[in-house]
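A look at the structure
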Amino acid sequence: MFRSSDVTLSAKSTAHWINKNVNQVNQIGNSPTTAQIHPEKYTLALLQKAKDMGTNIVFEKVTDLTIQNNTITAVILANGEILTPDTTIIATGPWIGRSKQWGLSLPDIKYLKASSIVMEPKEEISAHACFATYIDQHGKFRQPEIYPRPDGFVYICGGSRQVDLPDNPDDILLEDDDFENLISFAANVSSHLEDCEIKKRQACYVPDSPDGSLILGEIPNTNNGYVAGGHGVWGILLSQVTGLLIAELIVDGKTRFDISSFEPSRFVENV
């Protein structure tokens, strides 16, 4: 299956489970320089911490904004509730561009749909993250990734396609071909990942700005609107510093790091 391969992990002899169809192994990190975060557990932990600090979290679709004299005065929800915010932050990933319908000067977001699976091996494997490069049987260049987790499950992602973005994340379609490619890849790399029970099949959209850089700062033509997005595949990694910088910008009017190159005004003429 593999005409070429470049699988990166600590060492093939150490990661005993990498035992099939691998031509080359390189090391890019070790225990002191790498770490792994479980996205769902991390996100839920942040939400719980926010609740513990007194934050009121509302899960509802926004249907409209009211803007008066460049001030966002109301956020209208699908359930009819109207919020009157002091500050509004648009941090909706690939859906950021949809905010233009409410009169906000924001760019369209580029996005690709990516699929992933979570499988349960029959026996525990070492926690060596594997970043692979190969050409499949159809001559297509692929770069899947394997992340063994401390709970015994293995997360595998890779492959992307240009697919229309639904309004509701619950309506993201799951593509069987994408999952079969990941399952086949895993089995071709490791005998330990053959015939595993698949616990989850899931998909998401990876958001990028038109120029590939972050969109971070004040929304043009508003005096109380901010945006944070365009993180590509680095959303989890950059989440905390993004939150810190937006908070500093709102509270202090400045940030500890220069974020001028990320300002959304670069996409708007005559700002």
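As a starting point, this report considers the structure included with it. All residue numbers refer to positions counted from 1 along the written sequence of the respective chain. Restriction of local features to residues with pLDDT of at least 70 applies here, the model being predicted, together with a cutoff of 80 or more for giving and counting side-chain atom pairs; totals for whole chains, interfaces and linings are based on all residues. Side-chain numbers here rest on the full set of heavy atoms in the structure, without hydrogens or water.

1. Focus on the overall build of the protein
Filter applied, for reference: Each helix corresponds to a stretch of at least 4 residues labelled H or I by DSSP, and each strand to a stretch of at least 2 residues labelled E; elements are numbered beginning at the N terminus. Each residue is assigned to one of three classes by its accessible area relative to the maximum for its type, calculated with a 1.4 Å probe on protein chains only: buried under 20%, partly exposed between the two thresholds, exposed over 50%. Note on contacts: a residue pair qualifies if any of its non-hydrogen atoms lie within 4.5 Å across the two residues. Every accessible area reported is derived by Shrake-Rupley at a probe size of 1.4 Å, with residue values counting cover from the shown protein chains alone.
Scanning the protein from terminus to terminus reveals 3 helices and 15 strands. Seen through its principal axes, the protein has C-alpha atoms that stretch 65 × 40 × 35 Å. Across the 271 residues of the protein, 38% fall into the buried class. A separation threshold of at least 6 residues defines the contact pool for the protein, and within that pool the share at least 24 residues apart is 63%. Per element, the accessible surface of the protein, about 15600 Å² overall, is 49% carbon and sulfur.

2. Here we look at the pattern of salt bridges
Side-chain pairing between opposite charges can occur once the charged atoms of the two side chains come close. Quick note on the threshold: Salt bridges, as used here, are contacts in which a Lys or Arg side-chain nitrogen is within 4 Å of a carboxyl oxygen on Asp or Glu.
Under the definition given, this model contains 11 salt bridges. A salt bridge links E194 to K20; the shortest N-O distance between them is 3.4 Å. A residue pair is termed long-range when its members are at least 10 positions apart, and E194 in the loop between α2 (176-189) and β13 (197-208) and K20 in the loop between β1 (7-8) and β2 (25-26) qualify at 174 residues. With a relative accessible area of 26%, K20 lands in the partly exposed category. Between D108 and K100 there is a salt bridge, and its shortest N-O distance comes to 2.9 Å. In this structure K100 comes out as partly exposed when scored by relative accessible area, which is 37%.

3. So, helix α1 (residues 39-52)
Our working rule: Take the number of residues in a helix, subtract one, and multiply by 1.5 Å to get its expected span.
Over its 14 residues, α1 runs 20 Å from end to end, which matches the ideal 20 Å to within 8%, given 1.5 Å per residue. Once α1 finishes, G54 follows within two positions and takes phi at roughly 100°, a positive value.

4. Observations regarding the packing of aromatic side chains
Just so we agree on the cut-off: Two aromatic rings from Phe, Tyr or Trp, using only the six-membered ring of Trp, form a pair when their centres are within 6.5 Å; if the ring planes differ by under 30 degrees the pair is stacked, by over 60 it is edge-to-face, and anything between is tilted.
Summed over the entire model, instances satisfying the criterion amount to 4 aromatic pairs. Where Y134 meets F185, the ring centres are 5.5 Å apart and the plane angle is 5°; that geometry is what we call stacked. With a gap of 51 residues between them, Y134 in strand β9 (residues 134-135) and F185 in helix α2 connect regions that are remote in the sequence. Here Y134 matches F185 in class, with each residue buried. With a centroid separation of 6.1 Å and 45° between ring planes, the pair formed by Y147 and Y155 is classed as tilted. Among the aromatic residues, those joined into a cluster by ring pairs are F131, Y147 and Y155.

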